[in-house]
Amino acid sequence: MSRLSAQPRTPAPPFTPFTLRGDVERPATLTVADLRGGWEQHRAEVVFDCATSGPQHHSFEGPLLREVVLDAHPVFDAQRRKDRSRYLVAVTGGDGHHTVLSWAEVDADFGDVPVLLATGMDGRGLDAAGSQLVVPADRCGARYISAITRVWVGAWPVSV
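Below or above, wherever it landed, is the structure these notes cover. (Residues numbered from 1 in each chain as written. Predicted model: local features only at pLDDT ≥ 70, side-chain atom pairs only at ≥ 80, totals over all residues. Heavy atoms only, no water.)

Here the focus is the nonpolar core. In this structure, Leu-65 and Leu-133 are the most contacted members of the largest nonpolar core, which totals 26 residues. Mapped onto this core, the elements with two or more residues apiece are β1 (18–22), α3 (65–71), β5 (87–93), α5 (103–106) and β11 (148–155). Other than its neighbours up to four places away in sequence, Leu-133 contacts Leu-65, Val-91, Thr-99, Leu-101, Val-115, Leu-116, Leu-117, Arg-143, Tyr-144, Ile-145 and Ile-148. If you look at the next biggest cluster of nonpolar residues, it comprises eleven residues, including Phe-48, Phe-60, Leu-116 and Ala-118. (Core = buried A, V, L, I, M, F, W, Y, C linked by side-chain atoms within 4.5 Å. Buried < 20%, exposed > 50% of the residue type's maximum accessible area, 1.4 Å probe, protein only. Helix = DSSP H or I, 4+ residues; strand = E, 2+ residues; numbered from the N terminus. Contact = heavy atoms within 4.5 Å.)

Moving on to the sheet that holds strand β6 (residues 98–102). What links the strands of a sheet is backbone hydrogen bonding, and the strands pair in either a parallel or an antiparallel sense. In spatial order, the strands read β2-β1-β11-β5-β6; together these five strands make up an open sheet with mixed pairing. In the strand order of this sheet, the two ends are held by β2 (28–30) and β6, each with one partner. Strand-to-strand, the axes of this sheet are offset by a mean angle of 20 degrees, without reference to chain direction. Summarising the sheet, β1 and β2 pair through three bridges and their orientation is antiparallel. Looking at β2, one finds that Thr-19 is bridged to Thr-29. (Pairing = 2+ DSSP bridges. Axes fitted to C-alpha atoms, helices over the stretch in contact; angles between N-to-C directions.)

Coordinates in, geometry out; function isn't part of it.
See below:
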C-alpha cells in the first residue's frame, strides 16, 4: 500500500463561503445558505452559447447581486448618480476566473441587469460547490463565475 492511499482523507467542507469586501461599511463572509435565507430568491433561465460544446441550458436561483451589495452599505453617495456610476464590482471564483461589472450595469436607475449570486442550479442547491455569479443577459458564459471566493466593491479612482 502506498503512503498516499494510507493518508486519511479530509472531507469537503459542508459549505463554501466568500468574502464581500472593499468600499463597504459592512464587510461580510457569506455562504450559499446565508444567500438563500437572507434575500429574495430570483430565477433565471439561461442559455450559454459555448464555443466548444454548443448551447448550454440552465436554470438558476439566487438573490440579486445588487441587493446583497447594497446590504453591505457601499460608501457611494446613493443620492448622486454620478458617484454611484464610478463604482465597480469584481468577482473571483475558486478556479481563478474573475470578472468585473460596473455598478451602473446592475443599479436599478441605470442598466438594471438582474445579475444573480446563484444558490441553486437546475433544481440542485450549490451549498457544497459555492455560489455562482450568473449574468443572464450574456450570450456566452464568460462572466459566469463558479465557486465564488471574493466579491470586491470599489470606486474607479478619480485621478487616473
